[in-house]
Amino acid sequence: MDKKEKTIRIEGKDVVLHPEHPVRFACMEHADTQIDEYVDEFEAAPDTYRAASIEDDKLDKRCRECGAPADFALLREKGM
Ligand SMILES: [Zn+2]
């Protein structure tokens, strides 16, 4: 397997991510502003998932803006 390939487990499925695009989290309230920020920073609309569906204990699932437990995960899936 390519070591540069970044994957994340979402609902039992390994999803390949764009290596240069991070996974970020947002609460309900800040989802819209975080999506806008993501678009501004990376010039690409993120794919959104429910934070609870992300199966990775190492990730800090708190809102990037206020630190509350996140409802959404923002990330960029690599197309096939
Ligand atoms: Zn927030």
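Residues numbered from 1 in each chain as written. Predicted model: local features only at pLDDT ≥ 70, side-chain atom pairs only at ≥ 80, totals over all residues.

Peer 1: Got a minute to help me understand the overall build of the chain in this structure?
Peer 2: Each helix and strand counted, the chain has one helix and five strands in total. Along the chain direction, N to C, the helices and strands of the chain fall in the order β-β-β-α-β-β. A globule of 80 residues ought to have a C-alpha radius of gyration of about 12 Å, and the chain, at 12 Å, matches this closely. Expressed as a percentage of its 80 residues, the buried residues of the chain come to 16%. (Helix = DSSP H or I, 4+ residues; strand = E, 2+ residues; numbered from the N terminus. Rg over C-alpha atoms; globule rule 2.2 N^0.38 Å. Buried ≥ 20, exposed ≤ 12 C-beta atoms within 10 Å, placed from the backbone.)

Peer 1: Just checking my understanding: could you explain the nonpolar core for this structure?
Peer 2: Most often, soluble globular proteins keep nonpolar side chains buried together rather than apart. If you look at the biggest cluster of nonpolar residues, it comprises 10 residues: Phe25, Ala26, Tyr38, Ile54, Cys63, Ala70, Phe72, Ala73, Leu74 and Leu75. Elements represented by at least two residues in this core include exactly β3 (24-26) and β5 (72-75). If one sorts the elements of this core by residue count, β5 sits on top with four residues. When near neighbours in sequence (up to four residues on either side) are disregarded, Leu75 contacts Ile8, Leu17, His21, Val23, Pro46 and Asp47. (Core = buried A, V, L, I, M, F, W, Y, C linked by C-beta atoms within 7 Å. Contact = placed C-beta atoms within 7 Å.)

Peer 1: Help me understand the sheet that holds β3, please; the structure alone is not making it clear to me.
Peer 2: As a general point, the strands of a sheet are linked pairwise by backbone hydrogen bonds and lie either parallel or antiparallel. As summarised here, the arrangement of the three strands in space is β3-β5-β4, forming an open sheet in which the pairing is antiparallel. On the outer flanks of this sheet lie β3 and β4 (47-50), each paired with one strand and no other. Averaged over all pairs of adjacent strands, the angle between strand axes in this sheet comes to 30°, irrespective of strand direction. The pairing of β3 with β5 spans three bridges and is antiparallel. Paired with Arg24 across the bridge in β5 is Leu74. (Pairing = 2+ DSSP bridges. Axes fitted to C-alpha atoms, helices over the stretch in contact; angles between N-to-C directions.)

Peer 1: Explanation requested: the pairing of strand β2 (residues 13-17) in the structure shown.
Peer 2: On a regular strand, each side chain points to the face opposite its neighbour's, so the side chains alternate between the two faces of the sheet. In this sheet, β2 lies alongside strand β1 (residues 6-10) in antiparallel orientation, the contact comprising five bridges. In the sheet register, Ile8 faces β2, and the bridge partner there is Val15. Between β1 and the antiparallel strand that follows it, β2, lie two residues; Glu11 among them carries a positive phi value of about 50°.

Peer 1: Honestly, helix α1 (residues 31-42) in this entry has me stumped. Any pointers?
Peer 2: For α1, spanning 12 residues, the distance from its first C-alpha to its last is 16 Å, which sits close to the expected 16 Å at 1.5 Å a residue. Of the residues trailing α1, Glu43 is marked for its positive phi of about 50°. (Expected span 1.5 Å × (residues − 1).)

Geometric descriptors of this kind do not, in isolation, establish any biological role.
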